[in-house]
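This is what each chain is made of:
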Amino acid sequence: MPKRVVAGIVTSDKMSKTRRVEIARLVKHPKYKKYIRRRTVCHVHDENNDSGVGDKVEIIESEPLSKLKRWRLVRVLEKSTAVDVVALRAARKNAEAEGLAAAHAGEPEAESTASDA
């Protein structure tokens with residue numbers, strides 16, 4: 001029997017060489033005949049840490065690699081375009097602090113200029 005190949009979205013990349021991938025699907029309710037969203041969660045082996053949160057990836061079934069990992073990453077289909085606002089704010093804050101420190105290092109002391117005038 002051939003190995004299954006499916007596509008999903010990475011929801012966690014906090015572990016080294018392991019990704020949590022969700023595969024979304026629609027299931028028809030037996031009584032109400034409405035479609036319900038369901039998801040399957042797979043733990044995937046990513047040897048080079050290529051993927052990140054929000055990336056669309058293709059995975060393939062494999063032999064058990066650990067207690068939870070039964071899939072391997074084939075390739076990243078689409079990189080995420082989501083912006084990490086917290087990281088951007090931290091970078092901007094660090095850049096501003098470095099700029100202020102550099103500006104103050106080259107200027108004479110404010111107290112000495114005030115006493116001269």
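Residues numbered from 1 in each chain as written. Predicted model: local features only at pLDDT ≥ 70, side-chain atom pairs only at ≥ 80, totals over all residues. Heavy atoms only, no water.

**Regarding a nonpolar patch on the surface**
Logical step 1: Together, Val 83, Val 85 and Leu 88 make up an exposed nonpolar region whose accessible area comes to about 280 Å².
Logical step 2: Position of Val 83 relative to the elements: it lies in the loop between β5 (69–78) and α1 (85–106).
Logical step 3: Classification of Val 83 by relative accessible area gives exposed; the value is 58%. (Patch = residues over 30% accessible without salt bridge, like charges linked within 9 Å, V, L, I, M, F, W, Y side chains within 5 Å. Areas by Shrake-Rupley, 256 points an atom, 1.4 Å probe, with all protein chains shown as cover. Salt bridge = Lys/Arg side-chain N within 4 Å of Asp/Glu carboxyl O. Helix = DSSP H or I, 4+ residues; strand = E, 2+ residues; numbered from the N terminus. Buried < 20%, exposed > 50% of the residue type's maximum accessible area, 1.4 Å probe, protein only.)

**Examining the sheet that holds β5**
Logical step 1: Taken together, the five strands give a closed barrel; going around it, the order is β1-β2-β3-β5-β4, and neighbouring strands pair in mixed fashion. Mean inter-strand twist for the sheet, computed between neighbouring axes without regard to direction, equals 50°.
Logical step 2: When strand β3 (residues 35–45) meets β5, the two strands line up parallel, connected through three bridges. Bridge pairing in β5 places His 43 opposite Lys 69. (Pairing = 2+ DSSP bridges. Axes fitted to C-alpha atoms, helices over the stretch in contact; angles between N-to-C directions.)

**Observations concerning the side chain of Asp 46**
Logical step 1: With respect to the element layout, Asp 46 can be found in the loop between β3 and β4 (56–61).
Logical step 2: The exposure class assigned to Asp 46 is buried, which follows from its relative accessible area of 2%.
Logical step 3: Leave out the neighbours within four places in its chain, and Asp 46 touches Lys 17, Arg 19, Ser 51 and Leu 73. (Contact = heavy atoms within 4.5 Å.)

**Some points on the pattern of salt bridges**
Logical step 1: Summed over the entire model, instances satisfying the criterion amount to eight salt bridges.
Logical step 2: Here Glu 22 ties to Arg 39 by a salt bridge, and the two come within 3.8 Å at their closest N and O atoms. In this pair, Glu 22 sits in strand β2 (residues 18–28) while Arg 39 sits in strand β3, placing the two residues 17 residues apart along the sequence.
Logical step 3: A salt bridge links Lys 79 to Asp 55, with the shortest nitrogen-to-oxygen separation between them at 3.2 Å. Note that Lys 79 is positioned in the loop between β5 and α1 and Asp 55 in the loop between β3 and β4, a separation of 24 residues in sequence.
Logical step 4: What you see here is one network of salt bridges that share partners, running through Arg 20, Glu 22 and Arg 39.

**Re the environment of Ala 24**
Logical step 1: Mapping Ala 24 onto the fold places it in strand β2.
Logical step 2: Residues Ala 24 and Val 41, 17 residues apart in the sequence, show an inter-C-alpha distance of 8.9 Å.
Logical step 3: Apart from residues no more than four positions distant in its own chain, Ala 24 is found in contact with Arg 38 and Arg 39.

**Observations regarding the side chain of Thr 18**
Logical step 1: Examined against the element boundaries, Thr 18 turns out to sit in strand β2.
Logical step 2: The class of Thr 18 is buried, set by a relative accessible area of 9%.
Logical step 3: Here Lys 69 takes part through its side chain, which lies 3.1 Å from a polar atom of the side chain of Thr 18. (Polar contact = N/O pair within 3.5 Å; in protein donor to acceptor, adjacent residues only side chain to side chain.)

**Considerations on unusual backbone geometry**
Logical step 1: Despite not being glycine, Lys 17 has its phi angle at roughly 65°, a positive value.
Logical step 2: With respect to the helices and strands, the residue Lys 17 is situated in the loop between β1 (5–12) and β2.
Logical step 3: One non-glycine residue with positive phi stands out, namely Asn 49, at about 55°.
Logical step 4: Exposure remark for Asn 49: the relative accessible area of 36% places this residue in the partly exposed category.

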